[in-house]
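Summary of the model geometry
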Amino acid sequence: MDILLVMCLGILVGRFLFPQKAKRWNEGASLPCTLVLIFSMGAMLGRKEGFLHQLLTLGAQSFLFFLIPTVLSIVVVYILTKRFMKRPNQDKKEEEA
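Residues numbered from 1 in each chain as written. Predicted model: local features only at pLDDT ≥ 70, side-chain atom pairs only at ≥ 80, totals over all residues. Heavy atoms only, no water.

1. Concerning the overall build of the chain
So the rule is basically this: Helix and strand assignments come from DSSP, with helices taken as H or I runs of at least 4 residues and strands as E runs of at least 2, each series counted from the N terminus. Only protein chains enter the calculation, and the probe is 1.4 Å; a residue is then buried if its accessible area is under 20% of its type maximum, exposed if over 50%, and partly exposed in between. Exposure was quantified through the Shrake-Rupley algorithm and a 1.4 Å probe, taking into account, for residues, occlusion by the shown protein chains and nothing else. For the purpose of counting charges, residues Lys and Arg are taken to be positive, whereas Asp and Glu are taken to be negative. His and the chain ends are not included. The atoms used to mark charge sites are NZ of Lys, CZ of Arg, CG of Asp and CD of Glu.
Assigned secondary structure in the chain consists of 4 helices and 0 strands. For the chain, the N- to C-terminal ordering of α and β elements is α-α-α-α. Reported as C-alpha extents along the three principal axes, the dimensions of the chain are approximately 70 × 45 × 25 Å. Each of the 97 residues in the chain was classed as buried or not, and the buried ones make up 1%. Accessible surface computed for the chain: about 9700 Å², of which carbon and sulfur atoms make up 71%. Taken together, the 12 basic and 7 acidic charged side chains of the chain have centroids lying 7 Å from each other.

2. Here we look at the pattern of salt bridges
Put simply, the rule reads: By definition, a salt bridge exists where a carboxyl oxygen of Asp or Glu is found within 4 Å of a side-chain nitrogen of Lys or Arg.
Counted under the stated rule, the structure contains 1 salt bridge. Lysine 23 is the salt-bridge partner of glutamate 27, the closest N and O atoms lying 4.0 Å from each other. Within this pair, glutamate 27 and its partner lysine 23 are both found in helix α2 (residues 23-47), separated by 4 residues, close to a single helical turn. Given a relative accessible area of 42%, lysine 23 falls into the partly exposed group.

3. Concerning the packing of aromatic side chains
To keep things clear, this is the line we draw: Note on aromatic pairs: the rings of Phe, Tyr and Trp (six-membered ring only in Trp) are paired at centre separations within 6.5 Å, and the planes decide the class, stacked below 30 degrees, edge-to-face beyond 60, tilted for the rest.
Under the defined criterion, the tally for this structure stands at 1 aromatic pair. Both rings, one in phenylalanine 63 and one in phenylalanine 66, keep their centres 5.6 Å apart while their planes meet at 55 degrees; by these two values the pair is tilted. You can see phenylalanine 63 and its partner phenylalanine 66 sitting in helix α3 (residues 51-84), 3 residues apart, about one turn around the helix. What makes phenylalanine 63 partly exposed here is its relative accessible area of 48%. Assessed through its relative accessible area of 43%, phenylalanine 66 is described here as partly exposed.

4. Details of the environment of aspartate 2
Locating aspartate 2 in the fold gives a position in helix α1 (residues 2-17). With relative accessibility at 59%, the residue aspartate 2 sits in the exposed group. In this structure, the C-alpha to C-alpha distance between aspartate 2 and arginine 87, residues 85 residues apart in sequence, is 51 Å.

5. Examining the state of the cysteines
Stated precisely, the cut-off is as follows: Disulfide: a pair of cysteine sulfur atoms within 2.5 Å of each other.
Counted under the stated rule, the structure contains 0 disulfides. The thiol of cysteine 33 is not disulfide-bonded; the next cysteine sulfur, from cysteine 8, is found 19 Å away.

6. Observations regarding the environment of glycine 14
Relative to the helices and strands, glycine 14 is located in helix α1. A relative accessible area of 43% means that glycine 14 is categorised as partly exposed. Sequence separation of glycine 14 and asparagine 26 is 12 residues, and the distance between their C-alpha atoms is 9.8 Å.

Purely geometric numbers; function is a separate question.
Below you can see the structure in the form of structure tokens.
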């Protein structure tokens with residue numbers, strides 16, 4: 001929750017209070033800050049006991065969370081496309097028949 005509040009505060013400051021002249025500097029500083037953030041998160045995760053086991057378990061769960069909605073979305077779009085969208089050639093064939 002704290003992270004979301006800080007992010008929202010940053011959005012508001014960037015939108016209303018941050019000067020336009022400093023935009024270029026801010027864009028340049030964001031990449032190194034992001035790299036430091038990713039590195040520190042990796043260091044924290046690497047210190048956890050049983051991290052590799054947790055990573056494998058989470059990896060399988062994440063794969064299922066990706067696969068199931070993707071497959072179901074494809075199936076639903078396919079069915080809806082077949083039902084509601086007509087091909088231009090299909091209209092000509094129906095008129096000729």
